[in-house]
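Listed here are the chains, written in short residue letters.
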Amino acid sequence: MVSPFVTARRIVLLSSAFIGSFGFGGTALAGCESLLPSNDPAHFPARLPTAKDLAEIRDIGQSSMILGKSPFSLSPDGKELAFILTRGQAQDDTICHGVVVLRLADHAVRLIDLGGEQILNFGNLRGADHPSGEAAILRPVWSPDGQWIAYLRRDQGITQAWRAKVDGSHVEAITSLSSDAEGVAWSSDGQRLIVAWRAGRAEARLGIAREGAKGWLYDARVTPHESAQPGPPSGLVQGLIAVDVASHTVKSASSAEEGDFQTQALSNDAAKPEAWALDGSHAWTQPLRKELRPQYRIEISGSQHRPIACSWDACQGTILGLWWQEKPRTLIFLRKEGWNAGSMALYRWKAGGSPPRRILQTDGVISGCVAAAGGLICNSEEARSPRRVVRIDPGTGRQSLLFDPNPEWSHFQLGRVKRLTWINKFGLPSWGDLVLPFGYRPGTRLPLIITQYTSRGFLRGGTGDEFPVFPFSARGFAVLSLEKPPFYASVLPNIQTFDEANAANQKDWMERQNVLSSLAIGVDKLVEMGVADPKRVGITGLSDGASTVSYALINHPTFAAAAISTCCDGPHTAMTYGGIAWADWQHKVLGFPLDIEDQREFWRPLALSLNARKIDTPLLMQLSDKEFRLGLEAFSALREAGKPVEMHVFPDEYHEKVRPLHRLNSYNRSIDWFAFWLQGKEDPDPEKAEQYRRWEKMRASQPAAAGEASISPTSEPMPRHPPVP
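Rules used throughout
Residues numbered from 1 in each chain as written. Predicted model: local features only at pLDDT ≥ 70, side-chain atom pairs only at ≥ 80, totals over all residues. Heavy atoms only, no water. Helix = DSSP H or I, 4+ residues; strand = E, 2+ residues; numbered from the N terminus. Buried < 20%, exposed > 50% of the residue type's maximum accessible area, 1.4 Å probe, protein only. Contact = heavy atoms within 4.5 Å. Areas by Shrake-Rupley, 256 points an atom, 1.4 Å probe, with all protein chains shown as cover. Polar contact = N/O pair within 3.5 Å; in protein donor to acceptor, adjacent residues only side chain to side chain. Salt bridge = Lys/Arg side-chain N within 4 Å of Asp/Glu carboxyl O. Pairing = 2+ DSSP bridges. Axes fitted to C-alpha atoms, helices over the stretch in contact; angles between N-to-C directions. pLDDT = per-residue confidence, 0-100. Expected span 1.5 Å × (residues − 1). Core = buried A, V, L, I, M, F, W, Y, C linked by side-chain atoms within 4.5 Å. Phe/Tyr/Trp six-rings, centres within 6.5 Å; stacked < 30°, edge-to-face > 60°. Lys NZ or Arg CZ within 6 Å of the ring centre and 35° of its normal.

A closer look at the overall build of the protein chain
- A tally of regular secondary structure across the protein chain gives 13 helices and 36 strands.
- Across the 725 residues in the protein chain, those meeting the buried criterion constitute 56%.
- Of all intrachain contacts in the protein chain linking residues separated by at least 6 positions in sequence, the fraction that spans at least 24 positions is 62%.
- With an accessible surface of roughly 30,500 Å², the protein chain has 52% of that area assigned to carbon and sulfur atoms.

Describing the environment of Asp616
- The residue Asp616 is located in the loop between α10 (600-603) and β35 (619-624) in this model.
- For the pair Asp616 and Ala641, spaced 25 residues apart in sequence, the C-alpha to C-alpha distance is 9.9 Å.
- Other than its neighbours up to four places away in sequence, Asp616 contacts Lys643, Pro644, Gln702 and Pro703.
- For Asp616, the side chain forms a polar contact with the side chain of Lys643, separated by 2.7 Å.

Quick notes on the pattern of salt bridges
- Under the criterion given, the structure shown has 41 salt bridges.
- Put simply, Arg387 and Glu381 hold a salt bridge, and the shortest N to O gap is 3.0 Å. Of the two residues examined, Arg387 and Glu381, each falls in the buried class.
- Within the structure, one salt-bridge network assembled from shared partners comprises Asp59, Arg460, Asp465 and Arg663.

Let's talk about the environment of Leu638
- Structurally, Leu638 is set in helix α11 (residues 632-640).
- Overall, Leu638 belongs to the buried group, its relative accessible area being 3%.
- If we ignore the near neighbours within four places in the chain, the residues touching Leu638 are Ala612, Ile615, Leu619, Lys643 and Val645.

Considerations on the sheet that holds strand β23 (residues 343-349)
- The four strands lie next to each other as β21-β22-β23-β24, forming an open sheet whose pairing is antiparallel. Two strands bound the open sheet, and with one partner strand each, they are β21 (319-326) and β24 (357-362). Between one strand axis and the next, the sheet turns through 20° on average, direction left out of account.
- Pairing analysis gives five bridges linking β23 to β24, with the strands arranged antiparallel.

Brief notes about the confidence of the model for the protein chain
- Summary statistics for the protein chain give a mean pLDDT of 88 and a share of 89% for residues scoring 70 or more.
- Note on residues 1-28: pLDDT is under 50 here. Beyond four places in sequence and across chains, it has 71 contacts.
- Considering only residues more than four positions removed or in separate chains, one finds that residues 705-710, a stretch of pLDDT under 50, has two contacts.

As for unusual backbone geometry
- Geometrically, the link from Gln452 to Tyr453 is a cis peptide bond, its omega value of -10° lying close to zero.
- Its identity as a non-glycine residue notwithstanding, Asp652 has a phi of 60°, on the positive side.
- Counting through the fold element by element, Asp652 comes out in the loop between β36 (645-650) and α12 (660-679).

Some points on the pairing of strand β12 (residues 181-186)
- Counting buried positions along β12 gives five out of six residues, so the element sits mostly inside the fold.
- Across five bridges, the pairing between β12 and strand β13 (residues 192-197) is antiparallel. Directly across from Trp186, in β13, lies its bridge partner Leu193.
- Counting the residues in the hairpin turn of β12 and β13 gives five residues, including Gly190, whose phi is positive at 75°.

Some details on the pairing of strand β25 (residues 365-372)
- Counting buried positions along β25 gives seven out of eight residues, so the element sits mostly inside the fold.
- In the sheet, β25 pairs with strand β26 (residues 375-382) via six bridges, with the strands oriented antiparallel. Looking at β26, one finds that Ile366 is bridged to Ser380.
- A loop of two residues connects β25 with β26, the two strands running antiparallel in sequence, and Gly374 in this loop sits at a positive phi of about 90°.

Overview of α12
- With 20 residues, α12 extends 27 Å from end C-alpha to end C-alpha; this agrees with the ideal 28 Å at 1.5 Å per step.
- Taken across its 20 residues, α12 has 17 buried, putting it largely inside the fold.
- Gly680 occupies a position one or two residues after α12 and carries a positive phi of about 70°.

Details of the nonpolar core
- Grouped together as the largest cluster of nonpolar side chains are 52 residues, with contacts concentrated most on Leu448 and Ile450.
- With six residues, the single largest contributor to this core is helix α7 (residues 544-555).
- With residues near it in sequence (within four places) discarded, Leu448 still touches Ala478, Val479, Leu480, Val523, Leu526, Ala532, Arg536, Val537, Gly538 and Leu678.
- One finds Val469, Phe674, Trp677 and Leu678 within the second-largest nonpolar core, a separate group that totals 35 residues.

A short note on the packing of aromatic side chains
- Per the counting criterion, the structure on display carries 22 aromatic pairs.
- Centroid distance Phe333 to Tyr347: 5.3 Å. Interplanar angle 10°. Geometry classified as stacked. Note that Phe333 is positioned in strand β22 (residues 329-337) and Tyr347 in strand β23, a separation of 14 residues in sequence.
- Take Tyr347: its relative accessible area is 7%, and that puts it in the buried class.
- With centroids separated by 5.5 Å and ring planes inclined at 45°, the aromatic side chains of Trp509 and Trp603 adopt a geometry described as tilted. Taken as a pair, Trp509 in the loop between α5 (498-506) and α6 (510-528) and Trp603 in helix α10 lie far apart in primary sequence, 94 residues in all.
- Relative accessible area serves as the criterion here: at 6%, Trp509 is assigned to the buried category.
- Relative accessible area serves as the criterion here: at 0%, Trp603 is assigned to the buried category.
- These aromatic residues form a ring-pair network of at least three members: Trp673, Phe676, Trp677, Tyr692 and Trp695.
- Positioned above the aromatic ring of Trp324, the side-chain terminus of Arg329 is 5.0 Å from the ring centre.
- One residue, Arg419, lies across the ring of Trp431, its end atom 3.7 Å from the ring centre.

What follows is the structure, given as structure tokens:
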């Protein structure tokens, strides 16, 4: 049994064994002085945005957060707000983390702690814990007296519980655990911190290390594209300890302390929207029926604790959050609505005969809301505006700015964004956001780049933030940020479970047909509008989006260039390189053939490796070291067929790239790639000379059929568009 804590003399850090430790060399504060934004207008010149601007954007919560737990914590007196602010620093490849306190009365901010490493979300991937590269939402917690803030901080590859004085005068680590702290709360008297952790995780890792001395058994624990080492088992019991903040003595949490932890954890549980009023009134969501995308209805507690259902249409559907307002006592709720649920709306409802009143509707994203005096405090973002902290008036829906982490973005020269909607061939609603270059002249046909597969809130780089939308636009490209349509299985009757939906989606590759139909119709729409040049269309994708790219290159070969950041499906990749657990799931649930069976015809519509000879689209692969093995089958076939393909592998990365220098270099290479193939332009930077020699050799080997669409190479710098009056 592993001790719940380790003394300072024998602290176990296990940094080399912990998944999610980036090897940044410990806490690095160089350059982090700019974590809080400047208020000096001289720092915000009007100019086009660059890839570096996007790589170094400041975040509150996850970079792609649409739903999820709130990153905000309101002080006991309701006068201040605490949150974690992060920013990538490409120069030294660090991510700056700071605990920020925002005074609501005058919007003043102060930094009370600075340091730590990125903390990633872990997920159960076929029985083992794996990170995806997605940042965890870290919510600070106020002490009952409002004098201290507790939070999680990661240093040298391990996460501990910390506390900081609200005025920033004192900061200290409270735990020295041998395995990551996963949650923190205060005891009701403020004398102890209750910390969640899994003691068995460190024990399991030591056991795996001991097993390695005799050779690891290759079984379902191993995900070979990540590592030959078995993964730590998921589902290990989470334990709670109570740490005295004065003496740092540790004991098991009492039942009362467990209750304190659960109360504070449930108050921030976005998976089940509910709210309590001061008088004990309760609001929650009740499922109307079981289905693939279940619909919910709002209910509240009435007299004699009997539930009262809100029967109005606005009270049903995808409900994202519930909050009580006390004066007058009304319920505020957030829901998705509109075309393919592409909008969000806030409603105000006073139980009784009156229907809910919509007070705000946006095509952007409202997230992370907490109730406060005077309204809701939320993250708010729009297509052209990164996330900002706002107060939303519960009577009018008016948003007032409290804190803008990225004020420079309001000064950048960003082109217009227009939402387009259409129906695909299966009758499913589709949409995408068209981003035009700054100063675009109507009627000018442009090279087009497609990003996927979500387009909600600030348009960063598609799902996974891999392909830089506004820096593409700044280089003279039109960008179509595509939102996936509903699953193909959603049009089928009697689909009850996700396994059933996955099987229906995979049969005859119907889900791939569904997405490709939306994509192709969207491109045709832009061609008809006179915006896109049909001979200069590029496509990008991560994960499901990368599968769409593969399917499109095989079945809709009209793209002039492509770039992916994960790869690829194929006969051996699917059933071998992903490991035993993945192969068994795909065979049993999706009906994929076994490796010993004849698979070629089954995989031919999707596998690049089986279609290498007929694919002429130049393909850039920028993969993580944890996943590049999944791309070897496709890369090898394309290379052997003499096709224009290039692969780059980034170390210490996962499904999504996290390290800011990697993200910046990936952004810039994607920009160079599409500028070369779609615009015929080369960056004159001498350090890129070898890159262009490789690409020019690829272009010289292109078939003659591409001659009509070929573009003569130039060394023009990025285009400068005239300002729009």
